[in-house]
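# A look at the structure
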Amino acid sequence: MVVKAAVLPHARGTVAVQSVELGEPGPGEVLVRMEACGFCHSDLYVAGLEKLPVAPVTLGHEGIGRVEALGEAVTQWAPGGRVGITFMGTTCAACEWCRSGRERFCPKQTNFGYSLNGALSEYAIVPAAALVAIPEDLPAVEAAPLCCAGWTAYGALREAGLERGQKVALFGYGGLGHLALQMACHRGWRVAAVDLSERKLEMARASGAELAIAGENAGRTLQKEYGGVDAAIVLTPSPAAIQQAFRALKRTGTLVLVGISVNQYDLPLVDTIVKGITVRGSYLGTRKELEEVFGLARSGAIRAHVHTHALEETPAVLESMRRGEILGRAVIVF
Ligand SMILES: [Zn+2]
Ligand SMILES: [Zn+2]
């Protein structure tokens, strides 16, 4: 079968929509007909890497689709079933992280749109164990961003570890930020949103942010006007945002790093120590947490703000993402 897919041809190549030959699903694999797939900033991160584990590679790790055909020995899925493709591919099932429910830290993991072909494709062949069950009552375009942006935002909130009434600052109000804001408000946290774009800040205010402020000097502004925050979650890959987020923290606050890039970051050692600051990275979440994210969407507590596009528009969408122009999430509809 020949299908259209958004393909990164080689490291630092230009993503193009092209025809790809797809074989039959092998043992343990499933053929999925894609309905929708969101764009994530880590698609740009992958496209900019100096080395790739596999090339060419189909991008996309926020995919919603239906099971079309089963390879041998697949018992947990049936044709017509609704499934999701996330960034998590296969894991070893034997290491200490796999055995403790933290498969996302498995050193032998594979990832869709990176070391496995991803979901920005009319059809995808996927290891059965990597698929996620998707509730029937969510529209595909709104479910797609939950597979990475929603899951990642939810995991980051867990790492922030706050209680009702405490203050969190979200640095970066894009696909992850707008879902993190809704989740935090739902928990009764007080939220400040920080971004460079005034349009995004307006959207944050309209969605329940107590404070929505520009990135420059955000740390000082949050100290002065807000008394500092109990946790700051950095959803952008900018080292400058990490420094502002650190400055925004109250004593004993927590800095959660989420936005990925190849950059290094610098933080003041003395303040980290004498103010008892915790710095932690957060990557995806547990399988159970992903189910909880879908539960929040079904109950109406969160809803992804999406703009839909055809697969052919992929290069233009990636360009708008690079320029930081997308409000919420851009999603391809097949
Ligand atoms: Zn992602
Ligand atoms: Zn493992």
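About the criteria used
- Residues numbered from 1 in each chain as written.
- Chains lettered and ligands numbered in written order.
- Predicted model: local features only at pLDDT ≥ 70, side-chain atom pairs only at ≥ 80, totals over all residues.
- Heavy atoms only, no water.
- Helix = DSSP H or I, 4+ residues; strand = E, 2+ residues; numbered from the N terminus.
- Rg over C-alpha atoms; globule rule 2.2 N^0.38 Å.
- Buried < 20%, exposed > 50% of the residue type's maximum accessible area, 1.4 Å probe, protein only.
- Contact = heavy atoms within 4.5 Å.
- Areas by Shrake-Rupley, 256 points an atom, 1.4 Å probe, with all protein chains shown as cover.
- Lys, Arg positive; Asp, Glu negative; His and termini not counted.
- Charge placed at Lys NZ, Arg CZ, Asp CG, Glu CD.
- Salt bridge = Lys/Arg side-chain N within 4 Å of Asp/Glu carboxyl O.
- Donors = N, O, S within 2.8 Å, 3.2 Å for Na, K, Ca; no water.
- Domains from an automatic or database assignment.
- Buried area = accessible area lost by both parts, 1.4 Å probe.
- Tetrahedral: all angles 85-135°; square planar, octahedral: opposite > 155°, others 65-115°.
- Pairing = 2+ DSSP bridges.
- Axes fitted to C-alpha atoms, helices over the stretch in contact; angles between N-to-C directions.

## Details of the overall build of the protein chain
Counting its secondary structure elements, the protein chain contains eleven helices and 16 strands. Rg of the C-alpha trace for the protein chain: 20 Å, near the compact-globule value of 20 Å for 334 residues, within the 12% margin. Along the first, second and third principal axes, the C-alpha set of the protein chain runs to 60 × 40 × 40 Å. Considering the protein chain as a whole, with its 334 residues, one finds that 53% of them fall into the buried category. Contacts in the protein chain between residues at least 24 apart in sequence constitute 68% of all its contacts with a sequence separation of at least 6. Summed over its atoms, the accessible surface of the protein chain is roughly 14600 Å², and 51% of this surface lies on carbon and sulfur atoms. Across the protein chain, the 32 positively charged side chains and the 33 negatively charged ones have centroids separated by 8 Å.

## So, the pattern of salt bridges
In this structure the tally under the stated criterion is 17 salt bridges. Glu 142 is the partner of Arg 303 in a salt bridge, and the nearest nitrogen-oxygen pair spans 2.9 Å. Here Arg 303 is found in the loop between α10 (287-299) and β15 (306-309), whereas its partner Glu 142 is found in helix α3 (residues 140-143), with 161 residues between them in sequence. A salt bridge links Asp 230 to Lys 250; the nearest nitrogen and oxygen atoms lie 3.0 Å apart.

## Some remarks on the coordination of the zinc ion (ligand 1)
Bound to the zinc ion (ligand 1) on the protein side are Cys 40 (SG), His 61 (NE2) and Cys 148 (SG), at distances that span 2.0 to 2.2 Å. In primary sequence terms, the donor set of the zinc ion (ligand 1) follows C-x20-H-x86-C. Separated by 21 residues along the polypeptide, Cys 40 in the loop between β3 (29-38) and α1 (41-47) and His 61 in the loop between β4 (57-58) and β5 (63-70) bring together distant segments of the chain. Take Cys 40 and His 61: they sit in the same class, and that class is buried.

## Observations regarding the domain arrangement of the protein chain
Split into domains, the protein chain comes out as domain 1 (2-148 + 285-333) and domain 2 (150-281). Of the roughly 2100 Å² buried between domain 1 and domain 2 on both sides combined, carbon and sulfur atoms contribute 64%. Viewed at the interface, domain 2 and domain 1 are joined by one salt bridge. Residues Arg 158 and Glu 289 are paired through a salt bridge, measuring 2.6 Å at the closest nitrogen-oxygen approach.

## Details of the coordination of the zinc ion (ligand 2)
For the zinc ion (ligand 2), every protein donor is listed as Cys 92 (SG), Cys 95 (SG), Cys 98 (SG) and Cys 106 (SG), and the spread of their distances is 2.3 to 2.4 Å. Taken together, the four donor atoms coordinating the zinc ion (ligand 2) and their angles of 105 to 117° define a geometry best described as tetrahedral. Taken in sequence order, the residues that donate to the zinc ion (ligand 2) follow the motif C-x2-C-x2-C-x7-C. One end of the pair, Cys 92, is in the loop between β6 (82-85) and α2 (96-99); the other, Cys 106, is in the loop between α2 and β7 (123-127), and 14 residues separate them in sequence. On the basis of relative accessible area, Cys 92 is assigned to the partly exposed category, the value being 29%.

## A word on the side chain of Thr 152
Mapped onto the elements of the fold, Thr 152 is located in helix α4 (residues 149-160). Contact partners of Thr 152, with chain neighbours within four places excluded, come to Leu 176, Val 258 and Leu 284.

## Some points on the sheet that holds strand β13 (residues 249-257)
Pairing within the open sheet is parallel, and its six strands lie in the order β11-β10-β9-β12-β13-β14. Two strands bound the open sheet, and with one partner strand each, they are β11 (211-214) and β14 (278-281). Sheet twist, expressed as the mean angle between neighbouring strand axes with direction ignored, is 20°. Strands in contact with helix α8 (residues 239-248) are β9 (167-171), β12 (229-234) and β13; relative to β13, the strand with the most contacts, it is inclined by about 150°.

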